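Single-letter residue listing:
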Amino acid sequence: MAPHPVPHHYEFDLAVIGAGSAGLSAAGFAAQMGASVLLVDKKEPGGDCTWSGCVPSKALVHLASEQAVLGKSADLKRIQESVQATIRRVYQHEDPAALEEKGIEFAQGEVEFLDKYHINVRSAEDGKNRNVSSRNFLVATGAKPVYPESITGFDAIDNKYNYETIWELTKLPQRLIVVGSGPVGCELAQAFARLGSQVTLVGSTLLPRETKRARETVLKALEKDGISFLHSRPAAATQNAGGVVNMVMSDGTKAAGDAVLYAVGRAPVLPAGLAKVVGAGSIAEDGGLICSDTLAVKSCPNIYGAGDCVEENLQFTHYAGYQGFQAVRNALLPFSSEAKIPASVPRVTFTDPEVGAIGLNTLVDAQHHGFKSAVVLRWSGAHTDRAVCQGAEDVTFVELVVANATSPHAKIIGANAVGPSAGELICELSLIVSCGLTLSQVSHAIHPYPTYGFAIQQLCAEETTTRLLKTNTLRLLTAKYKSPCCTIS
Ligand SMILES: Cc1cc2nc3c(=O)[nH]c(=O)nc-3n(C[C@H](O)[C@H](O)[C@H](O)COP(=O)(O)OP(=O)(O)OC[C@H]3O[C@@H](n4cnc5c(N)ncnc54)[C@H](O)[C@@H]3O)c2cc1C
Ligand SMILES: NC(=O)c1ccc[n+]([C@@H]2O[C@H](COP(=O)([O-])OP(=O)(O)OC[C@H]3O[C@@H](n4cnc5c(N)ncnc54)[C@H](O)[C@@H]3O)[C@@H](O)[C@H]2O)c1
């Protein structure tokens, strides 16, 4: 292909490749600023979150919890129709017409990089090629399911699914083996168990990012839903003439299933031609794009990356969206701001109970970041009246990681929450951590009773009062109450 000269005039201020969580947020912000923006995706806009990730999985989790109440097996075809209807309701706000209304030009086609200022878009409709020039590019091409290469014989299994294909399954498998016990594996394993499948979940650690207490709580809940958790890894798989899959784990344990769902992680995807343009040094071992703290690629500073396609990134919709926004801010406005902030990214796994965390949520994390005297404060479900009223006290707790614990300015630097509404709690805890609020400040914010959030204020108030009463001034002021005449005999 003939080299493309550096253009004097660019068709677009910004071309965004990938219309998922990162790309949609980026294109929206650029258009809001009045920049000319082209958004390209090989599929319909929405990305993993809308079509195969957050939206279908959370719809399924919800439908499965309703099914569990009925106590009988689900009609999976009807459930899948309902999931697809939910996807459509979300999609209506991001379809090409909605994008156009926001001032975003959308093109459906596969992108290939030609040089640092040009891409080729091969139209999904008619296969025609369009050469596009842009001053800046944002690569937001997401990730794809990792395939479990290490399982001998896995290629020959017909009835295997991943998070992209599981939405096509319309007959509920009587027995389902779920390989991988991260967020995808745990959420979907519990949903299928509640729909009526007999689920075997296989993984070395359940929710490896979470604390031991959180993991143990979720494990008990999964077992209550009838899931067998095999603390192992599959070594080999075979399928018999009847379609039954037999799996042998590395520790010799066995499982049989009528279908297998593998959820062993997601690997970055990049457009063709990009590696050649940015150089091999800008592509990481995991296949992701290596970006600076401002999300620009060092070798081509007009090319930015955001979301799951960035090397070793946290793979969440909210983080992808945040990075899309920040990349545009850095590309189109003067000065720049940091957009790689893993310690401030909250996460929630939507099992029942939900599990969430934000910031430096363990002592090890806190100490590693120089907070040597940090402590963990815990509020139990038994003292959370809302949890007691809902019979959820055994699966509820809040933990706050507090720095400068003995000072009046003791600050909350991280938190964990487990319980039916932990996802909502994490929103408040995220605000507390990102604003650097102290225990005392939170204790003064009156929370409504009986909410799960009330636990946060109670915990802060109890700790603040206990500490206050230990100060010399308060000891003097309260001394009279400790005189013997006041003791009740
Ligand atoms: C089952 C599941 C459940 C999840 N649940 C949650 C959740 O509850 N909360 C949460 O925060 N996160 C969740 N996630 C993660 C979340 O979906 C992702 O982190 C998020 O979608 C990443 O957004 P992105 O913009 O980086 O990539 P994507 O949304 O994947 O978008 C990338 C887009 O780029 C397009 N593309 C790729 N290559 C090209 C090319 N060459 N040319 C043109 N277009 C291209 C793709 O078609 C795609 O539309 C879940 C993921 C899964 C799998
Ligand atoms: N609620 C949410 O926010 C949510 C939900 C789903 C997914 N996600 C995101 O999507 C990403 C992908 O999720 P995921 O659960 O697929 O990946 P993951 O990487 O989080 O977990 C996969 C698990 O599978 C294990 N594993 C790998 N190979 C295996 C094998 N051969 N056999 C058994 N276990 C094996 C890994 O050790 C790991 O524990 C995550 O990073 C997560 O952030 C988020």
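Cut-offs and rules
- Residues numbered from 1 in each chain as written.
- Chains lettered and ligands numbered in written order.
- Predicted model: local features only at pLDDT ≥ 70, side-chain atom pairs only at ≥ 80, totals over all residues.
- Helix = DSSP H or I, 4+ residues; strand = E, 2+ residues; numbered from the N terminus.
- Buried ≥ 20, exposed ≤ 12 C-beta atoms within 10 Å, placed from the backbone.
- Near = placed C-beta within 6 Å.
- Nonpolar A, V, L, I, M, F, W, Y, C, P; charged D, E, K, R; others polar.
- Domains from an automatic or database assignment.
- Pairing = 2+ DSSP bridges.
- Axes fitted to C-alpha atoms, helices over the stretch in contact; angles between N-to-C directions.
- Contact = placed C-beta atoms within 7 Å.
- Left-handed = near helix turned anticlockwise from the far one by under 90°.

As annotated in an unreviewed UniProt entry, the chain carries the name Dihydrolipoyl dehydrogenase (Dihydrolipoamide dehydrogenase) and comes from Durusdinium trenchii.

Undergrad: It is not clear to me how the overall build of the chain should be interpreted in this structure. Could you clarify?
TA: Counting its regular elements, the chain contains 15 helices and 22 strands. In terms of principal-axis extent, the alpha carbons of the chain reach across some 95 × 65 × 40 Å. Within the span of the chain, comprising 489 residues, buried residues form 45% of the whole.

Undergrad: Just checking my understanding: could you explain the site of ligand 2 for this structure?
TA: Ligand 2 sits among 27 residues. The nearest are Gly180, Gly182, Pro183, Val264 and Gly265. Put simply, the parts of the chain that give the shell around ligand 2 at least two residues each are helix H6 (183–195) and strand S18 (347–349). The leading source of residues in the shell around ligand 2 is H6, at 4 residues. Residues of the shell around ligand 2, tallied by class, amount to 12 nonpolar, 11 polar and 4 charged.

Undergrad: Would you take a moment to explain the domain arrangement of the chain for this structure?
TA: As a measure of interface size, the accessible area lost when the parts come together is often cited. Assigned domains of the chain: these are domain 1 (12–46 + 94–145 + 267–343), domain 2 (154–264) and domain 3 (353–473). For domain 1 and domain 2, the distance between their C-alpha centroids amounts to 34 Å.

Undergrad: How do you make sense of unusual backbone geometry when you look at a structure like this?
TA: It is generally the case that most residues other than glycine have a negative phi and that most peptide bonds are trans. Omega for the peptide link from Asp352 to Pro353 comes to 10°, which places this bond in the cis form. Structurally, Pro353 can be placed in the loop between S18 and strand S19 (354–359). The omega torsion of the bond from Tyr449 to Pro450 falls at 0°, within 30 degrees of zero and hence cis. Even without being a glycine, Glu312 presents a positive backbone phi close to 45°. Among the secondary structure elements, Glu312 is positioned in the loop between strand S17 (300–305) and helix H9 (317–332).

Undergrad: For this particular structure, what's the right way to read the site of ligand 1?
TA: Among the 36 residues in the neighbourhood of ligand 1, the closest are listed as Gly18, Gly20, Gly47, Gly142 and Gly307. Considered class by class, the residues forming the shell around ligand 1 number 16 nonpolar, 13 polar and 7 charged.

Undergrad: I'm lost on the sheet that holds S18 in this one. Help?
TA: Strands in a sheet are paired, the pairing made by backbone hydrogen bonds, and the direction either parallel or antiparallel. Spatially, 5 strands are ordered S18-S19-S22-S21-S20 in an open sheet, and the strand pairing comes out antiparallel. Each of the sheet's edge strands pairs with one partner strand only, and the pair in question is S18 and strand S20 (375–380). Within the sheet, the average angular offset between the axes of one strand and its neighbour, ignoring direction, is 15°. Pairing between S19 and strand S22 (residues 411–419): 6 bridges, direction antiparallel. Its bridge partner lying in S22, Val355 is registered against Val418. Packing of helix H14 (residues 454–469) onto the sheet brings it into contact with S20 and strand S21 (397–403), and relative to S20 it is tilted by some 125°.

Undergrad: Please clarify how the packing of helix H1 (residues 21–32) against H9 should be interpreted in this entry.
TA: Relative to each other, H1 and H9 sit at 35°, their axes nearing to 7 Å. Between H1 and H9 the crossing geometry is right-handed. Of the residues in H9, those touching H1 at Ser21, Ala22, Gly23, Ser25, Ala26, Phe29 and Ala30 are Thr317, Ala320, Gly321, Gln323, Gly324, Phe325, Ala327, Val328 and Leu332. Broken down by class, the residue content of the contact of H1 with H9 amounts to 9 nonpolar, 7 polar and no charged.

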